[in-house]
Amino acid sequence: MTTSKPASAPTSVRGVQSASSSTPDKSASARQVFLVAALNMSWQLAIVVLLPVIGGVTLDKHFGTAVYTYIGLGVALIGSGVVMWRTMQVANRMPVPKLTPAERRKVQKSYEEDDD
């Protein structure tokens, strides 16, 4: 089994604004990055969970046993852990945007308003 480095994300996925954008919108960019990461993890989890379970059920029907479904569930559990671990590794490599003092005050004020 060979391991390969994940393909580098396109500029828009990494949260860097394009040159054509006149006003950067940090919150929209962060939402896009989160949405892309969530969708990527979702389809990977669907494949990693469904294939072994469906394969196990199919083998159990063919052989008249119940062991392959449990094996499929075990493989799905391990695979889902691997997918989540890889997603967290990618998320940890993403740059964290720095807030200006004015933005920090605005965020703090919104938190204080939510407490009321």
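Residues numbered from 1 in each chain as written. Predicted model: local features only at pLDDT ≥ 70, side-chain atom pairs only at ≥ 80, totals over all residues. Heavy atoms only, no water.

This part is about the overall build of the protein chain. Looking only at helices and strands, one finds three helices and zero strands in the protein chain. Written out in order from the N terminus, the α and β elements of the protein chain read α-α-α. The buried share of the protein chain, taken over its 116 residues, is 11%. In the protein chain, 44% of the contacts between residues at least 6 apart in sequence involve partners at least 24 apart. Of the accessible surface of the protein chain, which amounts to about 9,600 Å², a share of 66% is contributed by carbon and sulfur atoms. (Helix = DSSP H or I, 4+ residues; strand = E, 2+ residues; numbered from the N terminus. Buried < 20%, exposed > 50% of the residue type's maximum accessible area, 1.4 Å probe, protein only. Contact = heavy atoms within 4.5 Å. Areas by Shrake-Rupley, 256 points an atom, 1.4 Å probe, with all protein chains shown as cover.)

In this section: the environment of Thr65. With respect to the element layout, Thr65 can be found in the loop between α1 (26-63) and α2 (67-93). Note on Thr65: relative accessible area 36%, which makes it partly exposed. Polar side-chain contacts of Thr65 include one of 2.9 Å to the side chain of Asp60. (Polar contact = N/O pair within 3.5 Å; in protein donor to acceptor, adjacent residues only side chain to side chain.)

Together, Glu112, Glu113, Asp114 and Asp115 give the surface a local cluster of negative charge. Its location among the elements puts Asp114 in helix α3 (residues 101-115). (Patch = residues over 30% accessible without salt bridge, like charges linked within 9 Å, V, L, I, M, F, W, Y side chains within 5 Å. Salt bridge = Lys/Arg side-chain N within 4 Å of Asp/Glu carboxyl O. Lys, Arg positive; Asp, Glu negative; His and termini not counted. Charge placed at Lys NZ, Arg CZ, Asp CG, Glu CD.)

In this section: a nonpolar patch on the surface. Judged by side-chain polarity, Trp43, Ile47 and Leu51 come together as a nonpolar surface patch covering roughly 340 Å² of accessible area. Mapped onto the elements of the fold, Trp43 is located in helix α1.

Here the focus is the confidence of the model for the protein chain. For the protein chain, per-residue confidence averages 81 on the pLDDT scale, and 75% of positions sit at 70 or higher. Per-residue pLDDT stays below 50 along residues 1-23; that stretch engages in 13 contacts with residues further than four places along the chain or on separate chains. (pLDDT = per-residue confidence, 0-100.)

Here we take up the side chain of Ser80. With respect to the secondary-structure elements, Ser80 resides in helix α2. Residues in contact with Ser80, not counting those within four places in the same chain, are Leu45, Val48 and Val49.

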